[in-house]
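Given next are the chains, with one letter for each unit.
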Amino acid sequence: RKIVMRRIADIRKELLHLNHDICVMDSMDLERYPENYEVVSTEAGLRAERIACRLRSLIYASTNVDKTEYLARAAKAQGIEIHCEDGIMEITMPRLLPKKRTRRSNLFLLDPLQALLKQYSEEKLLPYFRKCVVCICHVYDCELPDWCLLDYDNVQQKQILDMIALYVMEDDSGLLCDVYHTTEFGEKDGTNLFIMEQDQFIGWLRKRKKTGKNVSDS
């Protein structure tokens, strides 16, 4: 019990820091100090992820909750979904964060994603791609200003592709996998990944552009 109480105390301290970060964000002039806002908001996001991961570890250590079952439920709570139709696999997830050397940040998204992929593969047949195209659609809230849009090479994506490749690809190297990026504006932030055979990509892209979602070419 002493160990559990100590971990709870650490989480409460992190929550106090998180509350402070959010208060700073609320009082900051976003238009005058966008760089400062970016730093504070990113730190708040990463801190929230650390809190979530610590709570997960506490649950595993102090209860009988099955880790895989919990992570699958966590994936659904985060809005991670998997759909396969006409040979095209779609994975919906939260918007990817800027690159940071923070292992907790990766675990927050990767562990639930892996659990959901495993669950899906046990219940349904996943497609398997030897040569494929991965289209990563970065979706931003349409009310956000343009400076909030991140460069494609500044977000965490390698670990995501590595995880997905374990289940549906022969390899995610450049020899077998082409990666295409687009930016879309929607009702809320998110990331949509589409995986398909190479000969499906052109037709899929034309159809996607006709939807009028302001897709920008990479």
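The paragraphs below set out a description of the structure included in this document. Since we're looking at a predicted model, the values are computed, not measured. Within each chain, residues carry numbers counting from 1 in the order of the written sequence. Whole-chain, interface and lining totals are the exception, using all residues; otherwise, since this is a predicted model, local features are given only for residues with pLDDT of at least 70 and side-chain atom pairs are given and counted only at 80 or more. Side-chain numbers here rest on the full set of heavy atoms in the structure, without hydrogens or water.

Examining the overall build of the protein chain
What counts as a helix is a DSSP run of H or I of at least four residues, what counts as a strand is a run of E of at least two, and both are numbered from the N terminus. Summing up its helical and strand segments, the protein chain has six helices and five strands in all. Starting at the N terminus, the α and β elements of the protein chain follow one another as α-α-α-β-β-α-β-α-β-β-α. Burial classification: accessible surface area is computed with a 1.4 Å probe over protein chains only, and a residue below 20% of its type maximum counts as buried, one above 50% as exposed, and the rest as partly exposed. Buried residues in the protein chain amount to 39% of all 218 residues. Taking contacts inside the protein chain between residues at least 6 apart in sequence as the whole, the part at least 24 apart equals 80%. For the area figures, the Shrake-Rupley method with a 1.4 Å probe applies, and any residue is considered shielded solely by the protein chains shown. Surface exposure of the protein chain reaches about 13,400 Å², of which carbon and sulfur atoms provide 50%. Contacts: residue pairs with any heavy atoms within 4.5 Å of one another.

Things to note about the pairing of strand 5 (residues 190-197)
Burial of strand 5 is extensive: seven of the eight residues sit out of reach of the surface. Only when DSSP finds a minimum of two bridges between them are two strands counted as paired. Where strand 2 (residues 88-93) meets strand 5, five bridges bridge the pair, whose relative direction is antiparallel. Bridging from a neighbouring strand, T92 pairs with N192 of strand 5.

So, the nonpolar core
What is meant by a nonpolar core is a set of buried Ala, Val, Leu, Ile, Met, Phe, Trp, Tyr and Cys residues, joined one to another through side-chain atoms within 4.5 Å. Residues I91, L113, V134, I164, M169, L193 and I195 are the most contacted members of the largest nonpolar core, which totals 27 residues. Those elements giving two or more residues to this core turn out to be strand 2, helix 4 (103-123), strand 3 (132-141), helix 5 (158-168) and strand 5. Here V134 is in contact with L161, M169, C177, D178, V179, Y180, L193, F194 and I195, once residues within four sequence places are set aside.

Things to note about the pairing of strand 1 (residues 81-85)
With five bridges connecting them, strand 1 and strand 2 associate as antiparallel partners. By the bridge assignment, H83 is partnered in strand 2 with E90. Counted along the chain from strand 1 to the antiparallel partner strand 2, the turn is two residues long, and its residue D86 has a positive phi close to 55°.

Quick word on the packing of aromatic side chains
When the centres of two rings from Phe, Tyr and Trp lie within 6.5 Å, Trp using its six-membered ring, the rings pair. Their planes under 30 degrees apart give stacked, over 60 give edge-to-face, and anything left gives tilted. Counted by the stated rule, this structure contains four aromatic pairs. Each ring, one from Y60 and one from Y70, has its centre 6.1 Å from the other, and the planes form 80°; the classification is edge-to-face. Placement of Y60 in helix 2 (residues 34-62) and of Y70 in helix 3 (residues 67-78) is noted, with a sequence separation of 10 residues between them. Taking the relative accessible area as the measure of exposure, Y70 reaches 24% and is therefore partly exposed. Centroid distance Y180 to F201: 5.0 Å. Interplanar angle 65°. Geometry classified as edge-to-face. In this pair, Y180 is assigned in strand 4 (residues 177-186) and F201 in helix 6 (residues 201-209), connecting sequence segments 21 residues apart. For the pair shown, Y180 and F201 are each scored as buried. Aromatic ring contacts, followed pair by pair, group Y180, F194, F201 and W204 into a single cluster.

Digging into the packing of helix 2 against helix 3
What counts as an axis is a line fitted to C-alpha atoms, over the stretch in contact for a helix, and the angles between N-to-C directions run from 0 to 180 degrees. Remark: helix 2 packs on helix 3, axes separated minimally by 11 Å, with the N-to-C direction vectors making an angle of 150°. With respect to their mutual orientation, helix 2 and helix 3 come out roughly antiparallel. With respect to the hand of their crossing, helix 2 and helix 3 are arranged in right-handed fashion. Side by side, helix 2 and helix 3 meet where R56, I59 and Y60 of the first sit next to K67, Y70, L71, A74 and Q78 of the second. Orientation labels follow simple angle bins: below 35 degrees gives roughly parallel, above 145 gives roughly antiparallel, 65 to 115 gives roughly perpendicular, and whatever is left gives oblique. Should the near helix be turned counterclockwise from the far one by less than a right angle, the crossing is left-handed, whereas a clockwise turn marks it as right-handed.

Remarks on helix 1 (residues 2-27)
Here, expected helix span is obtained from the residue count minus one, scaled by 1.5 Å. Here helix 1 spans 38 Å end to end across 26 residues, near enough to the 38 Å set by a 1.5 Å rise per residue. For helix 1, the set of buried residues is I11, E14, L18, D21 and M25. Of the surrounding secondary structure, the elements contacted by the buried residues of helix 1 are helix 2.

Points about the environment of Y140
Tracing the backbone through its elements, the reader meets Y140 in strand 3. Of the residues examined, Y140 reaches a relative accessible area of 3% and is grouped as buried. Put simply, Y140 and R95 are 45 residues apart on the chain and 8.1 Å apart in space, counted from C-alpha to C-alpha.

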